[in-house]
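Reading the structure
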Amino acid sequence: SLCIPLVAQYNMYLYLQLCFWLNFPVAMVKMRDGSQEFDDAYYQVVKSGKFLFGWYQPDDNLLGTKQDTPISLMLPPYNALEQLNGIYKTGNEFVKPRNYVWRKLPSIDPHVTFFATNLNLYDEDMNALMAESGRMKNVTSDIYLSSWSVACRWVRQSQAVWETWIPAICEAGKTADPTLSSCVGCPAGFYCQGGIELAQPCPKGKYCPANSSAPMTCPTGLQTNKEKMTQESDCIDCVGGNYLINGRCTSLSILVISIIVPLLVLMVFSVKGLKLLRRYYLPQEKKLLMNTMKELRNQLLINKKNGFYLSDENVEIWVDKQSIVCIQSDSMEAACRLALLQDDLDLFFFDNFCATLCQFQQATSDEQEISAQHEKLREWLLSIAVVLLDTNEADQRILTGENEEGQVDNVVGALFFSPDATEVSTARSCLEEEPEDRRFRYFLEKFIKAKIWAEDEVLFERLQEICRANVEAMRSHCEERYSQLIDSPSGSKLEQLCWRKEDKEIIPPQNPKYGREKGFSSSSTNLNVWSKYASGFMEGMRSRKLHMLRQDSYEVRAIEVDEASKVESKVAFRRLAERGEAACVDEDVFITQLQQQAQRLNASFHSCIFSVILQRCRKEISSGFTSSALFDLKTAQVAACRMVDREAEIAVVFPSCKTVKSMKEKLQDMAPPHHAAIWPLTANFLDPVRMCVICQDAADMLEVFSWLEEHEKLNEKMKICTIVNGFSREEGNSQWRGLKVFVRFEDKGGSRIIGEIQLQDKRLFALNTKMCKLETLLRSSNMKAFLSALEAIEEQ
C-alpha cells in the first residue's frame, strides 16, 4: 500500500489537519476507549512495526531498548496564531513540566504547599529515570512494579536532593518559622506539641508561658477568663459559679444577698426615675402621640392583653410568641397621626396598620366573620369621617380624658384634642383655611386615599350613608346662607336683579309637562309629535334671525353652520324620528368648532374680565379668605378691592375651557324632545369659556356686577347678553344659588364667543363645591371609581 499507517489515541482532528496540510497519504486507526488494556495494546502495536503515532514525554512505555526508541517527526515550527484560529499545520508548543498547586492549599496545609513548591527534578534526571523504568518493563511481567522500584531506589540514593523539599520537623516546645525551613521557640500565649504541628493558642482557663509544649493549669479554684494568657497572674476568675472579691472566691448566694440585690433595687428605681424625667421633658408632639397611642389601642382592642404588641415592645418570656400579633411602630404612629389630623400622615404605614387589623378573621362553617379589631377599626374610621365632614364653622375637636371612675371618655371614638394642645396637628394652612374647609381638605387629600376604603365594601357603603346625611345638612346650610344674604341690606336688590326684558333669551321658561322622555313609541299620536318637532327643530326655528344668546347667532358666529351640515343633520334626524328614538344627531363638528374657539379665546377672556376687576382692586395673596380645598391657587387670584363703603377681598378663579367630553355628555340633556332644542344643540352652550368671582356678601356681588355694566358701556368688545339670577325666587332653586352673567366677548382679532361669569358668595361656593364632590361619591360604586371621577372633576 502507498499509505502510511497512523495509529492514534486522541486528537483525531489534529492528525487529520496535519496530514492534509503536509500532504501525507495515511491509513489511520484509532485505539482508545479509556481502559488500561487498550493503552497496553496501543504500545504493543507501535512497538511491533513502523508506524506514525502520537507520543508525549516524559513516558517510559517506549523507552528501555535502543532499537525501540521512537524517532520524532520534524514538523513546521509552532504557529500560535494559526492554532488559535483552529488551523493545525504546524507542530505543537513545547511545554516544560511545572509545579502546580491548588490556590487555597497554603491556607489548608502549609506543609504540603512547602513540599509541592520545593519539589524539583531536572530534565536529565527525569529522562534517566524514565529510561531505567522502560528497561525494567521489558524484562518483568509486572510493568507497574518497575516504576515503583525505580522511584524507591532514587529516594534511597538521593537523600541530599529531597531533604530540601521537606518542611522543618520540630521537637516539643518549638514550632516552624513562617518559612517552615527551621524551628523556633514557641511564643508566649501558645503551646507547641512538636512535629509539623503549628503553634496553637492557649485555651481559656489555662495559661502558656514561652516554649510551652502543653497548656498549664491555674491554681485551685482559679482560671483565666480568655485565650492566649501567658502567666499565672492571669488566673483571675473563680470556677464553680464563685466570684473573686478581695483576692478570694466567694459563692454566688452570699454575693447576691450582700451586693447584687441592693444594686438591682437601685437600678430599678433609677430606670423608673429616668423614664419619668424623659417623659417630662419630651416635646409636646411626642407626648401627644404617646397619649393618643394609649387611648387608640384601648379603643381598637389592640393592647398587650388582647395579644397585640408593637415592634419595639419586649414580649414577656411567659407569652407564647406564636399567638401574638405584631404591629409595626411606624404603622401605629401613622394611625395616631390620622387621629390627630396631622398632615404628615404616611398613608403607606397607615395601610399596613389597617391590613394588620383586617387580616385576622374568624372563620365559621357558613361565612367568614370579621374580627373584633376589624369592626372597631371600621367604627373608628367612620367616627373620624363624621368629624371631618362636619359643616360647623368652629373647629370642633373631641377632648378625651378620664371620668370619675378613672376610665377614658371618648364621645364618638375619634381622637381629637383641644386646639391649645394640638398646634402641630394643624400647622399647615391654618391661617389660609376655615376650620371646616381644612377638615374637608384632609378628608379628600388624606383620609379617603387609604386602601381600606377601596378594599372594604361594607365600610364604603357606611361612608356613603354618612355623606348622604351631610349632603342634606349642607343643603340646609345653603338655604340658611341664602336667607342671610336676602335679609341683608343689599339682599332685596340682589334678589330682584335681572337684565333688560327686551334682551331676554328667546328660549321660553321650561314647562314641567314637557320634560325630557326616554323615547317614543310607534303610535300615530307620537309620530305626529315627532313630525311637528322635526319641523321646528330643523327648519322652523332657523327660518328667522337667531337671537344673540346662541353661539351660532350672526352677532357671535363661534359656530359656523353651512348648508351641507344642515342637509346631513336633517337626514339623520328624520331617520331617528322614523324609528321613534329620542336622541340628538351627531354634532362632533360643531363641538370641535366651539372647543377650538374657546381654547383660542380663553386666556384673553380671563385677562379682559380680570382687568375690569383690577381697575378697583390690587392683586395680592390674601390670608384667611379661602382654602386650597376649594380651588388651586395656581388658577386663582385674590385681590383687595375698594368697595363703596369699605375694603373687601374677592377671589377670581380661572377655570380651563369646557372639554369636548363634557360638551358631549351635556348635549344628551338637550336631546329631543327637549322643549328648547334648536339645531345645532351645541350653540346652546353658553359657558365654553368661564370665570368665577367669589365675593364676601351680597353687596360685593352687586358692586362687581356694576363694574361689568360700566365696562360694557365703555367697551364694545364685551356685551352682556343676559343674566341668570339664582337668588331670585322666580329663577333660583335650592340646588344652585349664584349669579350667572353671560357676555359676548370679542378679542383683538375680531373672534367672538359667549362666555359665562359667575358671581358667587364665598360660603355658598364652598358648600356647593363640597356637595358636588360628595354627590359624586354617592353615585360611585366604590372608592376607586370615586377617586377617578374626582380626578376628572379637578381636570375640568
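Every value quoted in this text rests on a predicted model; they were computed, and no experiment measured them.

Attention now moves to the overall build of the protein chain. Along its length, the protein chain carries 24 helices and 26 strands. For the protein chain, with 796 residues in total, the buried portion stands at 40%. The long-range fraction of contacts in the protein chain, counting pairs at least 24 apart against all pairs at least 6 apart in sequence, stands at 59%. Total accessible area on the protein chain is roughly 45,300 Å²; 54% of this is exposed by carbon and sulfur atoms.

Relative to the 26 Å expected for 18 residues at 1.5 Å per residue, helix H23 (residues 762-779) spans 26 Å between its end C-alpha atoms, a close match to the ideal helical length. The buried count for H23 comes to 14 of 18 residues, which makes it a mostly enclosed element. Its side-chain oxygen at 3.1 Å from the backbone nitrogen of arginine 763, aspartate 761 defines the N-terminal cap of H23.

Before going further, it helps to spend a moment on the packing of aromatic side chains. Two aromatic rings are characterised by how far apart their centres lie and by the angle between their planes. If you walk through the whole model with that rule in mind, you get 14 aromatic pairs. When the centroid spacing of 5.3 Å and the interplanar angle of 90° are considered together, the rings of phenylalanine 610 and phenylalanine 654 count as edge-to-face. With a gap of 44 residues between them, phenylalanine 610 in helix H20 (residues 588-614) and phenylalanine 654 in the loop between strand S22 (647-653) and helix H21 (660-667) connect regions that are remote in the sequence. Judged by its relative accessible area of 12%, phenylalanine 610 falls in the buried class. Cation over ring: lysine 89 sits above tryptophan 21, and NZ or CZ is 4.6 Å from the ring centre.

As a further point, take the state of the cysteines. Evaluated as defined, the whole model comprises five disulfides. Across the disulfide from cysteine 186 sits cysteine 192; the S-S distance is 2.1 Å. Negative torsions about the S-S bond denote left-handed disulfides, and the value of about 80° found for cysteine 186 with cysteine 192 makes this one right-handed. The burial state of cysteine 186 is the same as that of cysteine 192; both residues are buried. Covalently, cysteine 617 is tied to cysteine 641 through a disulfide, its sulfur atoms 1.8 Å apart.

Moving on, we get to the pattern of salt bridges. Applying the stated criterion across every chain yields a total of 28 salt bridges. Between glutamate 375 and arginine 462 there is a salt bridge, and its shortest N-O distance comes to 3.1 Å. A residue pair is termed long-range when its members are at least 10 positions apart, and glutamate 375 in helix H13 (residues 372-388) and arginine 462 in helix H16 (residues 457-487) qualify at 87 residues. Owing to a relative accessible area of 22%, glutamate 375 belongs among the partly exposed residues under this scheme. Here arginine 462 falls in the partly exposed class, since its relative accessible area comes to 31%. Of the charged contacts, one joins glutamate 465 and arginine 468 as a salt bridge, the two residues approaching to 3.0 Å between their closest N and O atoms. With glutamate 465 and arginine 468 both in helix H16, this residue pair falls three residues apart, about one helical turn. Judged by relative accessible area, arginine 468 falls into the partly exposed class, the value being 37%. Three or more residues joined by partner-sharing salt bridges are found here, namely Glu285, Glu333, Arg337 and Asp344.

Reading across the sheet, the three strands line up as S2-S1-S3 and stay open at both edges, with parallel pairing between neighbours. The open sheet has two edge strands, strand S2 (26-30) and strand S3 (52-53), and neither has a second partner. Two strands pair when backbone bridges link them, and strand S1 (residues 4-8) and S3 are joined in this way by two bridges, in the parallel orientation. Pairing of leucine 6 across the sheet is with leucine 52, part of S3. Contacting S1 and S2, helix H1 (residues 12-22) runs over the sheet at an angle of about 175° to S2.

With that out of the way, let us pick up the pairing of strand S23 (residues 690-695). Most of S23 is tucked away, with six of its six residues classed as buried. Burial along S23 is two-sided: Arg690, Cys692 and Ile694 facing one way and Met691, Val693 and Cys695 facing the other are all buried. Summarising the sheet, S22 and S23 pair through three bridges and their orientation is antiparallel. Paired with valine 652 across the strands is valine 693, a residue of S23. Across six bridges, S23 lies against strand S26 (residues 752-761) in parallel orientation. Within S26, the residue paired with arginine 690 across the bridge is glutamate 756.

Once that is clear, we can look at H13. Along its 17 residues, H13 runs 24 Å from first to last C-alpha, staying within 8% of the 24 Å computed at 1.5 Å per residue. Counting buried residues along H13, twelve of its 17 residues qualify, which places the element largely inside the surrounding structure. Within the span of H13, buried status applies to Gln373, His374, Leu377, Arg378, Trp380, Leu381, Leu382, Ser383, Ile384, Ala385, Val387 and Leu388.

With respect to the helices, strands and loops of the structure, arginine 744 is situated in strand S25 (residues 739-746). The side chain of arginine 744 is buried and forms no salt bridge, while glutamate 746, the nearest opposite charge, is found at 4.7 Å. A polar side-chain atom of arginine 744 sits 3.3 Å from the main-chain carbonyl oxygen of glutamate 716.

Turning our eyes to something else, we now look at the pairing of S25. Along a regular strand, successive side chains alternate from one face of the sheet to the other. Counting buried residues along S25, seven of its eight residues qualify, which places the element largely inside the surrounding structure. Pairing geometry for S25 and S26, over eight bridges, is antiparallel. By the bridge assignment for S26, lysine 740 is matched with glutamine 758. Between S25 and S26, which pair antiparallel in sequence order, lie five residues; one of them, glycine 750, sits at a positive phi of approximately 90°.

Here we come to the side chain of asparagine 684. Residue position: asparagine 684 is located in the loop between H21 and S23. In this structure the side chain of asparagine 684 is engaged in a polar contact, spanning 2.9 Å, whose partner is the side chain of arginine 550.

Before going further, it helps to spend a moment on the packing of helix H11 (residues 329-339) against helix H12 (residues 347-358). Interhelical geometry of H11 versus H12 gives an angle of 105° and a closest axis separation of 7 Å. Accordingly, the angle class assigned to the pair H11 and H12 is roughly perpendicular. On H12, the residues that touch Asp330, Ser331, Met332, Ala334, Ala335 and Leu338 of H11 are Phe349, Phe350, Asn352 and Phe353. Along the lines of polarity and charge, the residues of the contact of H11 with H12 split into seven nonpolar, two polar and one charged.

Averaged over all residues, the pLDDT of the protein chain equals 79, while 81% of them reach at least 70. The model gives residues 501-530 a pLDDT under 50, and that stretch makes 43 contacts with residues more than four places away or in other chains. The model gives residues 532-536 a pLDDT under 50, and that stretch makes nine contacts with residues more than four places away or in other chains.

Reading the values: the criteria
The residue numbers shown here count from 1 along each chain, following its written sequence. Whole-chain, interface and lining totals are the exception, using all residues; otherwise, since this is a predicted model, local features are given only for residues with pLDDT of at least 70 and side-chain atom pairs are given and counted only at 80 or more. Side-chain measures were taken over the full set of non-hydrogen atoms in the model, leaving aside hydrogen atoms and water. Numbering of helices and strands runs from the N terminus, with a helix taken as a DSSP run of H or I at least four residues long and a strand as a DSSP run of E at least two residues long. Between buried and exposed lies partly exposed: a residue is buried under 20% and exposed over 50% of the maximum accessible area for its type, with that area taken using a 1.4 Å probe on protein chains only. The contact definition used throughout considers only heavy atoms, calling two residues in contact when any of these lie within 4.5 Å. Computed by Shrake-Rupley with a 1.4 Å probe, the accessible areas treat only the displayed protein chains as cover when residues are assessed. By definition here, a helix of n residues has an expected span of 1.5 Å times n minus one. Within 3.5 Å is the distance limit for a polar contact, defined as a pair of N or O atoms, with the added protein rule that one can donate a hydrogen and the other accept it, and that residues adjacent in sequence qualify only through two side-chain atoms. Stacked, edge-to-face and tilted labels apply to pairs of Phe, Tyr and Trp rings (six-membered ring for Trp) whose centres lie within 6.5 Å, assigned for plane angles under 30 degrees, over 60, and everything in between, in that order. For a ring to carry a charge above it, either NZ of a lysine or CZ of an arginine must fall within 6 Å of the ring centroid while also lying within 35 degrees of the normal to the ring plane. In this description, the term disulfide denotes a pair of cysteine sulfurs within 2.5 Å. By salt bridge we mean one thing: a side-chain nitrogen of Lys or Arg within 4 Å of a carboxyl oxygen of Asp or Glu. For two strands to be treated as a pair, DSSP must find at least two bridges joining them. Only the stretch in contact is used when a helix axis is fitted, and all axes are lines through C-alpha atoms; the angle between N-to-C directions ranges over 0 to 180 degrees. None of His or the chain ends enter the tally, which takes Lys and Arg as positive and Asp and Glu as negative. An angle below 35 degrees is read as roughly parallel, one above 145 as roughly antiparallel, one from 65 to 115 as roughly perpendicular, and any other as oblique. Gly falls in the polar group here, along with every residue not listed as nonpolar (Ala, Val, Leu, Ile, Met, Phe, Trp, Tyr, Cys, Pro) or charged (Asp, Glu, Lys, Arg). For every residue, the predictor reports its confidence as pLDDT, a number between 0 and 100.

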